[in-house]
Amino acid sequence: MNVEDLLEQIICDRIEMLLNARSDETLHEERELNQKMKDILERLDEESKVAMEQFWDEWVIQSAEESRYLYLAGMKDGARVLKVILKL
C-alpha cells in the first residue's frame, strides 16, 4: 500500500468514525427521511423508480466526495492555523 492509499484509508476511516458518532436524534431524523424516500419510490411506476434510484445513487456518491473534500480542506486549514500559532 502506497502513501496515498494509506492516506485515503485513514480519511475514509475517520469520516466513518465521525458519522458513527452522530446523535440518536440525528440518526432518527435520517431514518425518517429514508422512510419517506421509500414511500415515495413505492408510488412511482417502474421507469420513474429506476430513474430516481439511479439519481439517488449518484447523489450519494457526490455527497461522499464532497464530504471527503471538506474533511481534507478542514485538516489543511487546521494545519495552517497551527503553523501561525506556533510562530507566535
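Not measured: the values here are computed from a predicted model. (Residues numbered from 1 in each chain as written. Predicted model: local features only at pLDDT ≥ 70, side-chain atom pairs only at ≥ 80, totals over all residues. Heavy atoms only, no water.)

### Topic: the overall build of the protein
- Each helix and strand in the protein was counted, giving three helices and zero strands.
- Of the regular secondary structure in the protein, the N- to C-terminal order runs α-α-α.
- A buried classification covers 7% of the 88 residues belonging to the protein.
- Accessible surface, the protein as shown: approximately 7900 Å² in total, 59% of it carbon and sulfur. (Helix = DSSP H or I, 4+ residues; strand = E, 2+ residues; numbered from the N terminus. Buried < 20%, exposed > 50% of the residue type's maximum accessible area, 1.4 Å probe, protein only. Areas by Shrake-Rupley, 256 points an atom, 1.4 Å probe, with all protein chains shown as cover.)

### A look at a nonpolar patch on the surface
- Where nonpolar side chains cluster on the molecular surface, the patch consists of M1, L6 and I10 and spans about 350 Å² of accessible area.
- Taking the relative accessible area as the measure of exposure, L6 reaches 44% and is therefore partly exposed. (Patch = residues over 30% accessible without salt bridge, like charges linked within 9 Å, V, L, I, M, F, W, Y side chains within 5 Å. Salt bridge = Lys/Arg side-chain N within 4 Å of Asp/Glu carboxyl O.)

### Thoughts on the layout of surface pockets
- As a volume, the largest pocket reaches approximately 320 Å³.
- Lining the largest pocket, in full, are I15, L19, R22, E30, L33, N34, W56, W59, V60, S63, A64 and S67.
- Contributions of two or more residues to the lining of the largest pocket are made by α1 (3–20), α2 (24–42) and α3 (46–87).
- The residue makeup of the lining of the largest pocket, split by class, is seven nonpolar, three polar and two charged. (1 Å grid on protein atoms, 1.4 Å probe; cavity = no way out; pocket = protein on both sides within 12 Å on 5 of 7 lines; lining within 4 Å. Points joined across faces, edges and corners; volume = space filled by probe spheres on them. Nonpolar A, V, L, I, M, F, W, Y, C, P; charged D, E, K, R; others polar.)

### What about α3?
- Its 42 residues place the ends of α3 62 Å apart at the C-alpha level, agreeing with the 62 Å of an ideal helix rising 1.5 Å per residue.
- Put simply, D45 is the residue that caps the front of α3, since its side-chain oxygen is 3.1 Å from the backbone nitrogen of E47. (Expected span 1.5 Å × (residues − 1). Polar contact = N/O pair within 3.5 Å; in protein donor to acceptor, adjacent residues only side chain to side chain.)

### Considering the packing of aromatic side chains
- Applying the stated criterion across every chain yields a total of one aromatic pair.
- Pairing W56 with W59 gives two aromatic rings, centres 5.3 Å apart and planes at 35°, and the pair type is tilted. Placement of both W56 and W59 in helix α3 is noted, with a separation of three residues, approximately one turn of the helix.
- In this structure W56 comes out as partly exposed when scored by relative accessible area, which is 28%. (Phe/Tyr/Trp six-rings, centres within 6.5 Å; stacked < 30°, edge-to-face > 60°.)

### Some words on the pattern of salt bridges
- Applying the stated criterion across every chain, the model contains three salt bridges.
- One salt bridge in this structure joins R68 and E8, with 2.7 Å as the shortest N-O distance. A residue pair is termed long-range when its members are at least 10 positions apart, and R68 in helix α3 and E8 in helix α1 qualify at 60 residues.
- You can call R68 partly exposed: its relative accessible area is 29%.
- Residue class for E8 comes out partly exposed when judged on its relative accessible area of 29%.
- Two residues, R22 and E30, come together in a salt bridge whose shortest N-O distance is 2.6 Å.
- Given the relative accessible area of 30%, E30 is considered partly exposed.

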